[in-house]
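# Report on the structure
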Amino acid sequence: MSFCSFSVPLSESSVSTPFSLCSRTPLKVPPCNFPGALNNIHSLTGGRLVCYGGGANFCRRFYGLRLWILESLNLRQRNRKCGPAHEFKSIRSQEKDHLANHLETTSSCEGQVINLHNDSIETTSTQPPEESSAQNYEPDVSTEVVTSIESKSFQQTHSSSSSIEDSKAPSLCIAVIGATGELARGKIFPALFALYYSGFLPENVGIFGYSRKDLTDEELRSIIASTLTCRVDHQSNCGDKLDAFLSRTFYLNGGHDNKHGMSKLNARMEQIEGKSEANRIFYLSVPQEALLDVASCLASNAQTQKGWNRIIIEKPFGFDALTSHQLTKSLLSKFQEKQLYRIDHLLGRNLIENLTVLRFANLVFQPLWSRTYIRNVQVILSEDLAVPTGRYFDGYGIIRDIVHSHILQTIALLAMEPPISLDGEDIRNEKVKVLRSIRKLEPSDIILGQYKASTGDKVDVYLNSLTPTYFASALFIDNARWDGVPFLIKAGLGLINHRVEIRIQFHRVPGNLYRERVGHNIDLATNELILRDAPDEAILVRVNNKIPGLGLQLDSPELNLLYKDKYKVEVPDSYEHLLLDVIDGDSHLFMRSDELAAAWNILTPILHEIDRKNVAPELYELGGRGPTGAYYLWAKHGVPWGED
């Protein structure tokens, strides 16, 4: 027969007579009064009480019994009135929903003495002085005494060995790998602070910076502090929030051995987390050539076992179909697909999120969204700036950097079938069907360009002769909804203006009675839906309308919903949007591995032609309209560029 025993540190004057905890009959525990004849508590030397009883059943209810003893003997506060100990009230509240499940546990102990101190439990082995028959301890549930508390929760609440107080232990930790880089300083940390200020991050969040530089916590805080600002509509208590955020930011020098560095990062995160459960996000803001080593070492040495782990990977996602497949295969050997979040900041724009809202929340558009009514779709991304970072961009060009992820993802969201729900996986299932239905590009379907620049233009000129800075193409989706509808793409840098928009042009009205009243260019009378992100975010609808006055002349004005006039709020940065999606586990704006492969299959043939120097970019003036070949491309398909 097994026995369980525990001892309570106690002065000899506190108890004058032995008393039983394990009587043969069920014991009703009154709310306040300590039971009378208690046989199985024996006084030992050194001011300690030792209790013996039926091992398994007794230990099942140990925590509730401990509460009862502490209250009855007034160990915590001698002047306390009848009622549970104050420190256990919060535990009881947290556990009340699980009380029924915890009344019966499977824990057991044999020959143990449990020393009850103020906030800790010490377990040692001992033997009872004499055997006693096992009895069941049955507390009266009406006393509302919590009889079971999970050991893990108990340790979290009462551990005094944590580096910080348990009440401040983070439930979420975010590690920025490459914390001293330009992207981290200029985008990631400011986005994290904006989320923290707006209440989308826990107050006790842990932010960790990791790089090879030898810095202290305070030095990292000083570096990023200059980039952290509060938005115009969030100015109250900005200084206090900034100080609180920086106090939750820590730094670790990973050195040149990522395996050792990730182990140190894990130890530091565990030190800050204490014994509480915490989830982790790792943002890999590292060069492409370092990604696999960092990811592999992270997977083996820095993932938490007390929650979920999510990994954010920056584009580009490979160089072509083969290298992307190898990268994906390596990542999936270390992580599950649901852990990977391939981020493209351009997909965090409000325009992209609005695509599905306009399509599926407005009856006026739903029946029109097919080849029956839509003549063509144009996706335009023109930048008036030159290449931001030549050495990076020269290796990849605009196709790998922008077209592969942003442009094709935009088309997939625009053209997909209605998903069965807004769940990220359901949306990604529909996106990948569109990508697999897009024809592979042929050289005759594209126009490449490269801006002409010199050092006098104050732009980056680290470009080889074949790096495209402009891409125009006509894509076709071979399915029933979009058969024969050209999706025209134009993406370029160093152009005359900055414009990001989607233009959906509808067919002409068949047998139009007002044909003679619309002027010489019938295309001007085409209805059009314009979703504009820049220069000013807006939704515009071009309709035909009679010009006021005598006579009958038609005009095609734009009905304009200008966001800055309608909504007096500051639009969050795209990194804020995407980081919040990662925290929430919303993956619909992040490319899944099969989407990645399908996108590369579309572009790889033309990339190989460029690499073999079979296709050369056309030069265009910096600050101009781009290659003239783009105009021949739209003429070939009978479509004018809407912005011109």
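Attention here is on the structure that accompanies the text.

Scoring rules and cut-offs
- Residues numbered from 1 in each chain as written.
- Predicted model: local features only at pLDDT ≥ 70, side-chain atom pairs only at ≥ 80, totals over all residues.
- Heavy atoms only, no water.
- Phe/Tyr/Trp six-rings, centres within 6.5 Å; stacked < 30°, edge-to-face > 60°.
- Helix = DSSP H or I, 4+ residues; strand = E, 2+ residues; numbered from the N terminus.
- Buried < 20%, exposed > 50% of the residue type's maximum accessible area, 1.4 Å probe, protein only.
- Lys NZ or Arg CZ within 6 Å of the ring centre and 35° of its normal.
- Pairing = 2+ DSSP bridges.
- Axes fitted to C-alpha atoms, helices over the stretch in contact; angles between N-to-C directions.
- Contact = heavy atoms within 4.5 Å.
- Left-handed = near helix turned anticlockwise from the far one by under 90°.
- Nonpolar A, V, L, I, M, F, W, Y, C, P; charged D, E, K, R; others polar.
- Core = buried A, V, L, I, M, F, W, Y, C linked by side-chain atoms within 4.5 Å.
- Disulfide = S-S within 2.5 Å.

### What to know about the packing of aromatic side chains
In this structure the tally under the stated criterion is 11 aromatic pairs. Relative to Phe 250, the ring of Phe 208 has its centre 5.5 Å away and its plane inclined at 35 degrees; by these criteria the two rings are tilted. Placement of Phe 208 in strand S7 (residues 206–211) and of Phe 250 in strand S8 (residues 249–253) is noted, with a sequence separation of 42 residues between them. Aromatic pair Tyr 341 and Phe 590: ring centres 5.2 Å apart, planes at 80 degrees, arrangement edge-to-face. One end of the pair, Tyr 341, is in strand S11 (residues 340–343); the other, Phe 590, is in the loop between helix H16 (574–584) and helix H17 (593–611), and 249 residues separate them in sequence. Using a relative accessible area of 3% as the deciding quantity, one classes Tyr 341 as buried. Taking relative accessible area as the criterion, Phe 590 reaches 0% and is therefore assigned buried. Linked through ring pairs, Phe 193, Tyr 196, Tyr 197 and Phe 245 together constitute an aromatic cluster. For the cation-ring pair, Lys 241 lies above Tyr 196, with the distance from its terminal atom to the ring centre recorded as 5.5 Å.

### Thoughts on the sheet that holds strand S21 (residues 558–562)
The strand order across the open sheet formed by 9 strands is S21-S18-S17-S16-S12-S15-S14-S13-S22, and the pairing between neighbours is mixed. The open sheet has two free edges, formed respectively by S21 and strand S22 (618–621), since each of these has just one partner strand. The average angle at which neighbouring strand axes cross in this sheet is 15 degrees, direction not considered. The pairing of strand S13 (residues 446–452) with S22 spans 4 bridges and is parallel. The residue of S22 that forms the bridge with Tyr 451 is Tyr 620. Together, strand S16 (499–506), strand S17 (528–534) and strand S18 (538–542) form the strand contacts of helix H12 (residues 350–360), whose direction differs from that of S17 by roughly 150 degrees.

### A short note on the packing of helix H6 (residues 182–197) against H16
In contact at an axis separation of 9 Å, H6 and H16 are set at 65 degrees when each is read in the N-to-C sense. Judged by the sense of rotation from one axis to the other, the crossing of H6 with H16 is right-handed. Residues Leu 183, Lys 187, Ile 188, Ala 191, Leu 192, Ala 194 and Leu 195 of H6 form the contact with H16, whose participating residues are Tyr 575, Glu 576, Leu 579, Leu 580 and Ile 583. Its residues assigned to classes, the contact of H6 with H16 shows 10 nonpolar, no polar and 2 charged.

### A closer look at the nonpolar core
In terms of nonpolar packing, the biggest core is built from 126 residues, with Leu 192, Leu 265 and Phe 487 touching the most fellow members. In terms of residues, this core owes the most to one element, helix H13 (residues 390–415), which gives 11 residues. Grouped together as the second largest cluster of nonpolar side chains are 8 residues, Ile 447, Tyr 451, Leu 495 and Leu 633 included.

### Some remarks on the state of the cysteines
Scanning the model with the defined rule gives 1 disulfide in all. Two residues, Cys 230 and Cys 238, share a disulfide whose sulfurs are 2.0 Å apart. Residues Cys 230 and Cys 238 are joined through a disulfide that is right-handed, its torsion about the S-S bond being 95 degrees. In terms of burial, Cys 230 and Cys 238 fall into one category: buried.

Everything listed here is a matter of coordinates, which is why it stays silent on function.
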